[in-house]
Amino acid sequence: MLLNLITGNDEKDSTSYDRPKDDYVVALKNDVKGLKIGVPKEFFGEGINAEVKAKLQEAIEKYKELGAIVEECSLDIAEYALATYYIIACAEASSNLGRFDGIRYGYRTKNFENLKDIYINSRSEGFGQEVKRRIILGTYVLSSGYYDAYYKKALEVRTLVKQEFDKKFEKYDVLLTPTSPTVAFEIGTRSNNPLEMYLADICTVSVNIAGLPGMSIPCGIDSNGLPIGMQIIGKKFDEETIIKTAYAYEQETKFREKYKPTFKK
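Residues numbered from 1 in each chain as written. Predicted model: local features only at pLDDT ≥ 70, side-chain atom pairs only at ≥ 80, totals over all residues. Heavy atoms only, no water.

Draft legend 1. Here's a closer look at the overall build of the chain. In terms of regular secondary structure, the chain is built from 10 helices and five strands. Considering the chain as a whole, with its 265 residues, one finds that 39% of them fall into the buried category. Long-range pairs, those at least 24 residues apart, make up 70% of the contacts in the chain with a sequence separation of at least 6. Just so you have it, the chain exposes about 15900 Å², and 52% of that area is on carbon and sulfur atoms. (Helix = DSSP H or I, 4+ residues; strand = E, 2+ residues; numbered from the N terminus. Buried < 20%, exposed > 50% of the residue type's maximum accessible area, 1.4 Å probe, protein only. Contact = heavy atoms within 4.5 Å. Areas by Shrake-Rupley, 256 points an atom, 1.4 Å probe, with all protein chains shown as cover.)

Draft legend 2. Representation of the layout of surface pockets within the structure. Each pocket or cavity is described by its volume, and for the largest pocket that value is around 330 Å³. Taken together, 17 residues line the largest pocket, and the ones lying closest to its centre are E46, G47, I48, P181 and I202. A per-class count over the lining of the largest pocket returns eight nonpolar, three polar and six charged. There is about 280 Å³ of room inside the second largest pocket. Residue lining of the second largest pocket: 16 residues in total, with L3, T7, Y24, F237 and E239 positioned closest to the centre. (1 Å grid on protein atoms, 1.4 Å probe; cavity = no way out; pocket = protein on both sides within 12 Å on 5 of 7 lines; lining within 4 Å. Points joined across faces, edges and corners; volume = space filled by probe spheres on them. Nonpolar A, V, L, I, M, F, W, Y, C, P; charged D, E, K, R; others polar.)

Draft legend 3. Spatial organisation of the packing of aromatic side chains. Here the structure, examined in full by the defined rule, presents nine aromatic pairs. Here the aromatic residues Y85, Y86 and Y198 are joined through ring pairs into a cluster of three or more. Directly above the ring of Y105 sits R99, whose terminal nitrogen or CZ lies 5.7 Å from the centroid. (Phe/Tyr/Trp six-rings, centres within 6.5 Å; stacked < 30°, edge-to-face > 60°. Lys NZ or Arg CZ within 6 Å of the ring centre and 35° of its normal.)

Draft legend 4. Region of the structure containing the pattern of salt bridges. In total, this model carries 11 salt bridges according to the counting rule given. A salt bridge links E61 to K64, with the nearest nitrogen and oxygen atoms 3.6 Å apart. You can see E61 and its partner K64 sitting in helix 2 (residues 50–65), three residues apart, about one turn around the helix. The partly exposed category is assigned to E61, whose relative accessible area is 34%. Residue K64 is classed as partly exposed on the basis of its relative accessible area of 40%. In this structure, E130 engages R134 in a salt bridge whose closest nitrogen and oxygen atoms are separated by 2.8 Å. Taken together, the positions of E130 and R134, both in helix 5 (residues 129–142) and four residues apart, correspond to about one turn of that helix. We classify R134 as partly exposed; its relative accessible area is 21%. (Salt bridge = Lys/Arg side-chain N within 4 Å of Asp/Glu carboxyl O.)

Written out as structure tokens, the structure is:
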């Protein structure tokens, strides 16, 4: 219902797409017979938790029982998606956050004696560590001498990622992957390890790069009672199919009734 409200063109948003609006409520159908599901093997390789793999395999078997056609496939370019995403995302963060200088936008420090102090202290006090880290990296990849080697190259790889997904959707209706290589982790436990946090995004960033709709739904819990996520990726503007795919699984497994995830205090 919410998606029905926010979808479509917004005359005050130049980045919104002008196309006929769909009714996503009608997509809530418990029927995936004949649906073609691709399972990219690159998302089930090294680094993926064993319990995550096991629960995803159970989900795959459930879809087969429901009449879906499930096949393993390959997305060779996927291994470059994480690096590509962080180069582009950090470059955009550096560019877009430049406006937050304490004068035009955002937080303004109370500790200043001159204009330079406003700039420095507003940004130092207003941005968190991760934001600063991304600004620094983004400024680096956009700087003279490095732009072609990093940012321009990342844009080229993004095009290749998109093309690779387009080829797969010529054959499959949706793609199925883990949402994360691990189970859910407790809030704050990885905050001091940025690289580990970045690697947690390895299954989801390719969707953003390719401009595709994706949905994450729970498909089980691990031995410690923590939830495991399954990602369903669809064709561009084909939210209806991923909603139907997710809904059918949810209705058949009754996940929320069977499992009640527990969280340690």
